[in-house]
Structure formats: C-alpha cells, structure tokens
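One letter stands for each residue in the lines below.
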Amino acid sequence: MTDEIHIASLLVQVAPESLDDLSQWAGAHPEVEVRGTDPAGKLVLITESEGRQPILDLMDACRDRPGVFTVNLIYHEILSAQEADQPEEIQP
C-alpha cells in the first residue's frame, strides 16, 4: 500500500450516440464518478487511486470504448494519505 492518494479528472469526448453507454460503463466502476455530461458528447470523470497507473489504465480503457474520440487529463493532484484524511478548512 502506498502513502499517496491520486485524484484526477478526465474530459472524454465521445460521439453523442455513445454518451449514455460510456456514462453507464464508467459509473459501474467504484473508483470512478461521472461528474457531468453534455449531450453534445462530453463527459467529465473523477477518479481516486493509490497510484498513477490506475489513472492511465482508465484513460486507456476509455479510449478503447466505442465512439470515444479523445480522453484528456484535466486535473491531477497527489496527496499523502494523511492529508487526504484531514477535513477541508473552508475560509469565510
């Protein structure tokens, strides 16, 4: 087990007729959250893992799905496991 938590967001551009299938496929993975969709064929995915390889594997798996045009890493943050367990402080 690693001491790092990797949080990443992906923007997937897909043929509009494949959007629902990809959204259902992605949502079936417990480490993936579908955060937004656009009927024009855009999907935002958030994932959390203990390393970078699962993020790369998810990107490759998305690229292999029917109707997917592009998969882009939009955000990637690496936290220590201790940092990830701390509540976020909200500034007024």
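Thresholds, definitions, all that
Residues numbered from 1 in each chain as written. Predicted model: local features only at pLDDT ≥ 70, side-chain atom pairs only at ≥ 80, totals over all residues. Heavy atoms only, no water. Core = buried A, V, L, I, M, F, W, Y, C linked by side-chain atoms within 4.5 Å. Buried < 20%, exposed > 50% of the residue type's maximum accessible area, 1.4 Å probe, protein only. Helix = DSSP H or I, 4+ residues; strand = E, 2+ residues; numbered from the N terminus. Pairing = 2+ DSSP bridges.

1. A few points about the nonpolar core
Within soluble globular proteins, side chains that are nonpolar generally end up buried alongside one another.
Part 1 of the argument: In this structure, Val12, Leu22, Leu45, Cys62 and Val71 are the most contacted members of the largest nonpolar core, which totals 17 residues.
Part 2 of the argument: Secondary structure elements with two or more residues in this core: strand 1 (4-14), helix 1 (19-27), strand 3 (42-49), helix 2 (53-63) and strand 4 (68-80).

2. A short note on the pairing of strand 2 (residues 32-38)
Part 1 of the argument: Sheet topology places strand 2 next to strand 3; six bridges connect them, and they run antiparallel. Looking across to strand 3, one finds that Val32 is bridged to Thr47.
Part 2 of the argument: Linking strand 2 to strand 3, which pair antiparallel, is a turn of three residues; within it Gly41 sits at a positive phi near 115°.

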